[in-house]
Amino acid sequence: RGQERQPITEADNAFLNAIRNRYLGQRCFVLGNGPSLTVSDMELLKNEVTFAANKIYLCFDQTDWRPTFYSVEDLLVAQNCRTEILALEDSTKIFPHHMLPFLPRQANHHYVRWLPPADNQSPFREFSTDLTRGVCWGSTITYSMLQMAVHMGFREIYILGLDHSYIEPATKQDGALISEGEVNHFHPDYRKPGERWHYPVLDRLENSYRFAKDYCDSIGVSIYNASRSTKLDAFPCVDLDDVLKTPPPKSPQPQNR
């Protein structure tokens, strides 16, 4: 157990304690990378606290919006996109500690203990509300970002760009899929032809989302699906434009750099 904890430093825990309940009672937006996510919607979120992941940076040449918090937990994404991820400067980056071999420490990086499941095919889930304990696996970075948001004190969480629908390419190799051109994400270059990727297992994702909803309901945190197009019914669906007509409870804190 000692070695397992070694990658997390006192500085990591100090940061995680500093952001605990920083946004108590506020709202935030957690972005998926589905085809329904648009740059125009990102523009609408400039004054909101946002969480985003993976290759969200592909749109940065079209908008000066940047996520407040950024994360990656998929090893293939970390390996394939290491240079681009390390170059991101305008977001606070929080990574599970198993990313350290691929995404090493730098000024805007913070690490949280990764709590993988004993059996990733089991429907059993855990949800961490304390990042100093760690972040629990849910088969999707969205699940991890929900845990981050709850740790920070958000009471209204709106998910955007979570289409929950994938078209699988025919080509597979060594347990991974081989991209034949992008149809599953918001940007045409999200996966280049020939790129390896892990196919999301939708029933596992649904187990995670349903557990997150039930758990968060029990602690007074509301999660809504504000995606423009979605096949996920685990969360109540709301209209993003209606949500944004109501100003945030308080102005968001400045981004940590």
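Before going into details, it helps to say that this report is about the structure given with it. Worth saying up front: this structure is predicted, and the values here are computed from it rather than measured. (Residues numbered from 1 in each chain as written. Predicted model: local features only at pLDDT ≥ 70, side-chain atom pairs only at ≥ 80, totals over all residues. Heavy atoms only, no water.)

Notes on the pattern of salt bridges
Part 1 of the argument: According to the stated counting rule, one finds ten salt bridges in the structure shown.
Part 2 of the argument: Arg105 is paired through a salt bridge with Asp12; the nearest N and O atoms lie 2.6 Å apart. You can see Arg105 sitting in the loop between β4 (92-96) and β5 (109-112) and its partner Asp12 sitting in helix α2 (residues 10-18), a full 93 residues away along the chain.
Part 3 of the argument: The residue Lys46 makes a salt bridge to Glu43 at a minimum N-O spacing of 3.1 Å.
Part 4 of the argument: Taken together, the shared-partner salt bridges connect Asp41, Arg228 and Asp241 into one network. (Salt bridge = Lys/Arg side-chain N within 4 Å of Asp/Glu carboxyl O. Helix = DSSP H or I, 4+ residues; strand = E, 2+ residues; numbered from the N terminus.)

Some thoughts on α2
Part 1 of the argument: Those residues of α2 lying buried are Asp12, Phe15 and Leu16. Buried residues along α2 cover an arc of 95 degrees about the axis, so they all sit on one side. Opposite the buried face of α2, at more than 90 degrees from it, the exposed residues are Glu10 and Ala11.
Part 2 of the argument: As for α2, its buried residues are in contact with β4, β5 and α6 (141-151). (Buried < 20%, exposed > 50% of the residue type's maximum accessible area, 1.4 Å probe, protein only. Arc of directions from axis to C-beta. Contact = heavy atoms within 4.5 Å.)

With respect to the environment of Val150
Part 1 of the argument: As for its position among the elements, Val150 is in helix α6.
Part 2 of the argument: Taking C-alpha positions, Val150 is 9.1 Å from Leu24, a pair spaced 126 residues apart along the chain.
Part 3 of the argument: Residue contacts for Val150: discarding those within four places in its chain leaves Phe127, Thr129, Ile157, Cys216, Ile219 and Val221.

Re the packing of aromatic side chains
Part 1 of the argument: On inspection of all chains with the given rule, the structure shows 13 aromatic pairs.
Part 2 of the argument: Their ring planes at 25 degrees and their centres at 5.1 Å tell us that Phe51 and Phe69 sit as a pair that is stacked. Note that Phe51 is positioned in strand β2 (residues 50-53) and Phe69 in strand β3 (residues 69-71), a separation of 18 residues in sequence. Neither residue differs from the other here; Phe51 and Phe69 are each classed as buried.
Part 3 of the argument: Measuring from centroid to centroid gives 6.0 Å for Phe51 and Phe154, while their planes differ by 80 degrees, and the two rings are edge-to-face. Note that Phe51 is positioned in strand β2 and Phe154 in the loop between α6 and β8 (156-160), a separation of 103 residues in sequence.
Part 4 of the argument: Members of the aromatic cluster, joined through ring pairs, are Tyr23, Phe51, Phe69 and Phe154.
Part 5 of the argument: Here the guanidinium or amino end of Arg66 rests over the ring plane of Phe60, the centre of that ring lying 4.0 Å away. (Phe/Tyr/Trp six-rings, centres within 6.5 Å; stacked < 30°, edge-to-face > 60°. Lys NZ or Arg CZ within 6 Å of the ring centre and 35° of its normal.)

What to know about unusual backbone geometry
Part 1 of the argument: A positive phi is found at Asn21, a non-glycine position, where the angle reads about 60 degrees.
Part 2 of the argument: Note that Asn21 resides in the loop between α2 and β1 (27-31).
Part 3 of the argument: Here Asn21 falls in the partly exposed class, since its relative accessible area comes to 37%.
Part 4 of the argument: Positive phi, normally seen in glycine, also occurs at Asn54, with a value near 55 degrees.

These results come straight from atomic positions and should not be treated as a statement about function.
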